[in-house]
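Per-entry structural report
Chain residues, written in single-letter form:
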Amino acid sequence: MLKEKFGFIGGGKMAEALCKGIIRAGLSAGSNIIVSDVLAERCRLLKEEIGVQTTQDNHDIAAFADVIILAVKPQIIGEALENIKNDITPRHLIISIAAGIPLHFIESKLRENVRVIRVMPNTPCLIASSATAFAPGKHTTEGDKKLAHAIFNAVGKVFQLEEKYLDAVTGVSGSGPAYVYMFIEALSDGGVKMGLPREIATALAAQTALGAAKMVLETGQHPAQLKDAVTSPAGTTIEGVSKLEDGGLRAAVINAVEAAALKSKKLGELL
Ligand SMILES: NC(=O)C1=CN([C@@H]2O[C@H](COP(=O)(O)OP(=O)(O)OC[C@H]3O[C@@H](n4cnc5c(N)ncnc54)[C@H](OP(=O)(O)O)[C@@H]3O)[C@@H](O)[C@H]2O)C=CC1
Ligand SMILES: O=C(O)[C@@H]1CCC=N1
């Protein structure tokens, strides 16, 4: 259990997933977390479902928390920082999970020497299976980096990277779960087309994605080697693989990552 208290500005999908993940991982208790949201109904729901404290006033966040997680949409980060800048003191560590928002923007909106870390997590942090990358700001200490590592390591895998890579990370793992859900849904649709009950088809598709991902991570083999091991000469798999190539799966995925990464970059440039 960490001694630091956590405050979230923005109580949406990602704050909810992170709060649940942090509590489930035993890193903090609901009573040590406060979340702000503009909607009273959202506050009520978070309080009832997760047991965190809630507020509609962002000024309450810095008064309570040591670590402040910026979890509002990138487009309103500037407004949220303006709102809290006078509340931030040297005891606070600011963690931004907003896509595309550069460290220098956040640092420039706060008082001098404020410690800021930019993080790109993903929603599987809810079940301790997140893929996260973070980049430290100008004034972060070794202790801050260790703390960020500890938080995101508890809810999945975490990598410290230079900030220049974070837009690409957003394209791969920040947005990535959506692509994988689409693939699983399509795999299930294929099963249904061929007569499987939907529930079975989705369970088989999701377990297949999970197993294949674990094979990549645990065997250390190249994905192409693992694919070749499934693909028997004149067998069934090569028929399917050939259709995926016809449909441009690889190009579609590469283009998706590029588009999401470029959008992340653009969000930072529009400020
Ligand atoms: N969803 C994801 O998978 C990931 C998201 N992120 C990043 O996390 C951040 C949050 O994303 P997500 O949770 O999906 O977004 P949501 O829109 O679900 O959450 C943001 C919440 O903040 C509320 N809000 C708006 N203005 C304020 C304010 N001034 N003070 C407090 N709360 C406010 C919003 O209310 P209202 O809706 O009424 O405006 C909403 O409930 C984004 O910056 C995104 O880029 C990063 C990684 C993954
Ligand atoms: O779609 C988005 O903008 C956010 C950032 C990464 C995942 N979801």
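Residues numbered from 1 in each chain as written. Chains lettered and ligands numbered in written order. Predicted model: local features only at pLDDT ≥ 70, side-chain atom pairs only at ≥ 80, totals over all residues. Heavy atoms only, no water.

The name an unreviewed UniProt entry gives the protein is Pyrroline-5-carboxylate reductase, with Kuenenia stuttgartiensis as the organism. Under Function (unreviewed entry), UniProt gives the following word-for-word description of the protein: "Catalyzes the reduction of 1-pyrroline-5-carboxylate (PCA) to L-proline." (UniProt positions renumbered as here; feature names shortened; annotations may be inferred.)

**Quick notes on empty space enclosed by the protein**
Counted by the stated rule, this structure contains 1 cavity of 30 Å³ or more. Here the largest cavity is characterised by a volume of approximately 30 Å³. Lining of the largest cavity is provided by A98, A99, G100, R118, V119, M120, L166 and T170. At 3 residues, strand β6 (residues 115-120) tops the list of elements feeding residues into the lining of the largest cavity. Counted by class, the lining of the largest cavity contains 5 nonpolar, 2 polar and 1 charged residues. (1 Å grid on protein atoms, 1.4 Å probe; cavity = no way out; pocket = protein on both sides within 12 Å on 5 of 7 lines; lining within 4 Å. Points joined across faces, edges and corners; volume = space filled by probe spheres on them. Helix = DSSP H or I, 4+ residues; strand = E, 2+ residues; numbered from the N terminus. Nonpolar A, V, L, I, M, F, W, Y, C, P; charged D, E, K, R; others polar.)

**Focus on the site of ligand 1**
In the vicinity of ligand 1, 21 residues are found, and the nearest of them are K13, M14, D37, V72 and K73. One of the side-chain nitrogen or oxygen atoms of K13 is found 2.9 Å away from an oxygen atom of ligand 1. Here an oxygen atom of ligand 1 and a backbone polar atom of A99 are 3.0 Å apart. When ligand 1 is considered free in solution it has 890 Å² of accessible area, and contact with the protein chains removes 78% of it. The residue makeup of the shell around ligand 1, split by class, is 12 nonpolar, 6 polar and 3 charged. (Near = heavy atom within 4 Å. Polar contact = N/O pair within 3.5 Å; in protein donor to acceptor, adjacent residues only side chain to side chain. Areas by Shrake-Rupley, 256 points an atom, 1.4 Å probe, with all protein chains shown as cover.)

**Overview of the environment of V72**
Mapped onto the fold, V72 is located in the loop between β4 (67-70) and α4 (77-84). Between the alpha carbons of V72 and G10 there is a distance of 4.7 Å; along the sequence they are 62 residues apart. Those residues in contact with V72, other than ones at most four positions away along the chain, are I9, G10, I77, A80 and A98. (Contact = heavy atoms within 4.5 Å.)

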